[in-house]
Amino acid sequence: MQAAEKLGIFIPHYCYHPALSTAGSCRLCLVEVEGAPKEAIACATPVSEGMVVYTESEKVKRAREIILEFLLLNHPLDCPVCDKAGECLLQDYSFEYGTAHSRFKEPKRIPPFKDLSPGIKLATTRCILCTRCVRFMSEIAGDPQLTVINRGARNEIAVVPGNTGLDHPLAGNVVDICPVGALLDKNFIHRTRVWHLSKAPSVCGECSAGCNISIDSYRNTVFRIIPRTNKDVNDHWICDTGRHSYKKYKKLERIMTPKIKEGSVLSDTSWDEAIEAAAEGFKEFQKMKDAVAGVIFPGATNEDAFAVMEFLRTAANSNAITGIFQKPTGEDRVFKSGFVIKGDTLPNQEGLKFIFGTAERDAESILSRIDSGEIKAAYCVHNDLSNIPERTLDILKKLKFFVVEDIVMSPAAQIADVVFPGLMYYEKNGTFVNYNRRLQLLQQAVNGPKGAKNTWEIVKLMAATFERQSHFAGWCSAGDVFLKMAKQYPELEGLSHFKLSILGKPLYEKREVEEVST
Ligand code: SF4
Ligand code: SF4
Ligand code: FES
């Protein structure tokens, strides 16, 4: 199978999965080997010197037809109501390689659907017993919670007797690897058809592992998040926290319009007035070097942080910018296959440290300068749901003027003089650097609230009131911000959003090479 794949020859298969052991159970991958008495399964036949294999001979085509006829004996053929329709390999291969009729006239077996967990349903009638799900739980998750029960034609997938249900943090992956519509994510059942979905190849922002994901949406609503294969990051998998993250973002009460503090109350205002108020506030301290700080929470992209830095440098006479770094909130969880869920739930701490050269001690220094009154104003980007440490908040309260860009009225937004509605990571383009110093591209999946803007857009508007618009004139997208950033950091030299592609680039290799050569 792998040899054929390498040569670009496709052999249809169900039970074979590149990350799992070979089961050889579905028999769809039968090929003809010259000199062999009968067809062999490609997934379990090693190549040998001089071997001649036919993948499209009449014998092979007939074998596939027969296997598909067998697999459909008890299958309900309920594609019109099946959520897998449109991306189902049984549907696709039956169409491509099967026959349009069955000789089976007997009644079909109809075992009932069952819940494997609160989030996963098994449509038992659709299962082709490829055992991918069973092997995933044992070989990748390292927790064999699924098994095959009963004998012969009554074989069924079930939770291992004695277990209460499928409750593993990686369990959702079984839905993705099920080649048919047997395993279903209950959040997705009968919600939309897969061919309606727009797919944004992006990166999970729920921990610093930076798993590659596809954010699938329809009419500006995220319907599901599924993994994208990246051998260097998450292989074929994601955890259930990342998979279901869209549900928590859906429930948020988002900031819809900018706000200005009037007396002690924050009131809605227009963008023009909010920009004017923010710029006026910063202008008061413009003459004092480094009196205005940038305070960036690590849910922000590198482009967000760079945009604020450029604003401070060119308009506010300051180089005082820092990330608010936080210690991991839990232990890393490493599973049997090596897949890791990081204890650090902030997606871009490494980006802020590595690209901007800010580390914990710089954060401390800037916070203490705010505390002592040396820094008098700040622009804060907090476009995520991360906790703001109590001590940081107490220090930020001492600022004479505080502008916060946020997605919800967080404790930081509540103490601000001006609040801008920001965008979270599904809603924008940009880059994160994961814990392993891999620079990866986020791609916008949905639009944020109508009144929200990107950090670079806000910065550009503020800069115009300082008559610094020419410096930001070329910024029409996060990609433009990246290009400017790439000119200033040797690690990013020659890179662009386009060149990063959907798999990202390791920054650490580049830096190590440079360190050796200098
Ligand atoms: S439920 Fe899906 S993955 Fe599991 S054995 Fe059946 S067809 Fe294969
Ligand atoms: S391991 Fe981390 S990055 Fe990967 S899907 Fe889970 S939360 Fe997201
Ligand atoms: S893919 Fe080879 S037997 Fe299933």
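Since the model is a prediction, treat every value here as computed from it, not as a measurement.

1. Some remarks on unusual backbone geometry
At R27, a residue that is not glycine, the phi angle is positive and equals roughly 65°. Within the element layout of this structure, R27 appears in the loop between α1 (2-6) and β1 (30-33).

2. Quick notes on the site of ligand 1
If you check the shell around ligand 1, you find 14 residues, and the closest are C127, C130, T131, C133 and C178. Across the shell around ligand 1, the residue classes break down as 12 nonpolar, one polar and one charged.

3. Considering helix α14 (residues 455-465)
Of the positions making up α14, those classed as buried are T455, W456, I458, V459, M462 and A463. The buried residues of α14 occupy an angular sector of 155° when the element is viewed end-on, so they sit on one face. Elements that come into contact with the buried residues of α14 comprise α8 (271-283), α9 (302-314), β18 (377-382), β19 (401-406), β20 (418-421) and α15 (478-488). Looking one or two places after α14, you find E467, whose phi comes out positive at around 60°.

4. With respect to the side chain of K428
Here K428 lies in the loop between β20 and β21 (430-433). Within polar-contact distance, the side chain of K428 engages the side chain of D304 at 2.7 Å.

5. So, the pairing of strand β11 (residues 221-227)
Counting buried positions along β11 yields six of seven residues, so the element is predominantly enclosed. The hairpin turn running from strand β10 (residues 212-218) into β11, its antiparallel successor, is two residues long, and R219 in that turn takes a positive phi close to 50°.

6. Here's the deal with the site of ligand 2
Residues in close proximity to ligand 2 include C204, E206, C207, A209, G210, C211, I238, C239, G242, F339, V340 and I341, which together make up its full environment. Looking at the shell around ligand 2 residue by residue, the classes come out as nine nonpolar, two polar and one charged.

7. A closer look at the layout of surface pockets
In this model, the largest pocket occupies a volume close to 740 Å³. Taken together, 31 residues make up the lining of the largest pocket; nearest its centre are K84, V175, D176, I177 and I226. Of all the secondary-structure elements, those providing two or more residues to the lining of the largest pocket are α3 (89-97), α5 (173-177), β8 (183-185) and β11. If you tally residues by element for the lining of the largest pocket, the top one is β11, at four residues. Tallied by class, residues from the lining of the largest pocket come to 16 nonpolar, five polar and 10 charged. The volume enclosed by the second largest pocket comes to roughly 540 Å³. Lining the second largest pocket are 23 residues, with F70, L71, C127, I128 and L129 sitting closest to its centre. Counting residues per element, the ones that place at least two in the lining of the second largest pocket are α2 (58-71) and β7 (156-159). Examining the composition of the lining of the second largest pocket, we find that three residues originate from one element, α2, more than from any other. In the lining of the second largest pocket, the residues fall into 12 nonpolar, seven polar and four charged.

8. Some remarks on the pattern of salt bridges
With the rule as written, the count across this model stands at 28 salt bridges. Residue E280 pairs with K283 through a salt bridge whose shortest N-O separation is 3.7 Å. Of this pair, E280 and K283 both sit in helix α8, three residues apart, which is roughly one turn of that helix. Put simply, R391 and E364 hold a salt bridge, and the shortest N to O gap is 3.0 Å. With R391 in helix α12 (residues 390-396) and E364 in helix α11 (residues 360-371), this residue pair connects regions lying 27 residues apart in the sequence. A relative accessible area of 38% means that E364 is categorised as partly exposed.

9. Observations concerning the packing of aromatic side chains
Under the counting rule described, the total for this entry stands at 18 aromatic pairs. Taking the centre distance of 6.4 Å and the plane angle of 45° together, the rings of Y218 and F223 count as tilted. Taken together, the ring pairs connect F10, Y14, Y93 and Y97 into an aromatic cluster. Its guanidinium or amino end placed over the ring of F188, R224 lies 5.0 Å from that ring's centre, counting from NZ or CZ. Between K283 and the ring centre of F466, over which it is positioned, the NZ or CZ distance is 5.1 Å.

10. A short note on the packing of α8 against α14
One way to put it is that α8 packs onto α14 with a least axis distance of 9 Å and a crossing angle of 60°. Here the hand of the crossing between α8 and α14 comes out right-handed. For the pair formed by α8 and α14, the contact residues are W271, I275, E276, A278, A279, F282 and K283 on the first element and I458, L461, M462 and T465 on the second.

11. Observations concerning the domain arrangement of the protein chain
Under the domain assignment, the protein chain is made up of domain 1 (2-196) and domain 2 (259-438 + 445-517). Each of domain 1 and domain 2 has a C-alpha centre, and the two are 46 Å apart. Roughly 500 Å² is buried in total at the junction of domain 1 and domain 2, and carbon and sulfur atoms are behind 70% of that figure. Considering only the side of domain 1, the residues that lose the most area to domain 2 are I140, P169 and L170, jointly responsible for 65% of the buried surface there. Between domain 1 and domain 2 we count zero salt bridges in total. Put simply, domain 1 and domain 2 have three residue pairs in polar contact (both at pLDDT 80 or more) between them. For the side of domain 1 that touches domain 2, the residue count by class is four nonpolar, three polar and one charged.

12. Focus: the sheet that holds β11
Strand order in the open sheet formed by three strands is β9-β10-β11, and the pairing between neighbours is antiparallel. Here the strands that pair on one side only, and so sit at the sheet edges, are β9 (198-203) and β11. Adjacent strand axes in the sheet meet at a mean angle of 30° when their direction is disregarded. Pairing geometry for β10 and β11, over six bridges, is antiparallel. The residue bridging S217 from the neighbouring strand is V222, located in β11.

What counts, and where the lines are drawn
- Residues numbered from 1 in each chain as written.
- Chains lettered and ligands numbered in written order.
- Predicted model: local features only at pLDDT ≥ 70, side-chain atom pairs only at ≥ 80, totals over all residues.
- Heavy atoms only, no water.
- Helix = DSSP H or I, 4+ residues; strand = E, 2+ residues; numbered from the N terminus.
- Near = heavy atom within 4 Å.
- Nonpolar A, V, L, I, M, F, W, Y, C, P; charged D, E, K, R; others polar.
- Buried < 20%, exposed > 50% of the residue type's maximum accessible area, 1.4 Å probe, protein only.
- Arc of directions from axis to C-beta.
- Contact = heavy atoms within 4.5 Å.
- Polar contact = N/O pair within 3.5 Å; in protein donor to acceptor, adjacent residues only side chain to side chain.
- Pairing = 2+ DSSP bridges.
- 1 Å grid on protein atoms, 1.4 Å probe; cavity = no way out; pocket = protein on both sides within 12 Å on 5 of 7 lines; lining within 4 Å.
- Points joined across faces, edges and corners; volume = space filled by probe spheres on them.
- Salt bridge = Lys/Arg side-chain N within 4 Å of Asp/Glu carboxyl O.
- Phe/Tyr/Trp six-rings, centres within 6.5 Å; stacked < 30°, edge-to-face > 60°.
- Lys NZ or Arg CZ within 6 Å of the ring centre and 35° of its normal.
- Axes fitted to C-alpha atoms, helices over the stretch in contact; angles between N-to-C directions.
- Left-handed = near helix turned anticlockwise from the far one by under 90°.
- Domains from an automatic or database assignment.
- Buried area = accessible area lost by both parts, 1.4 Å probe.

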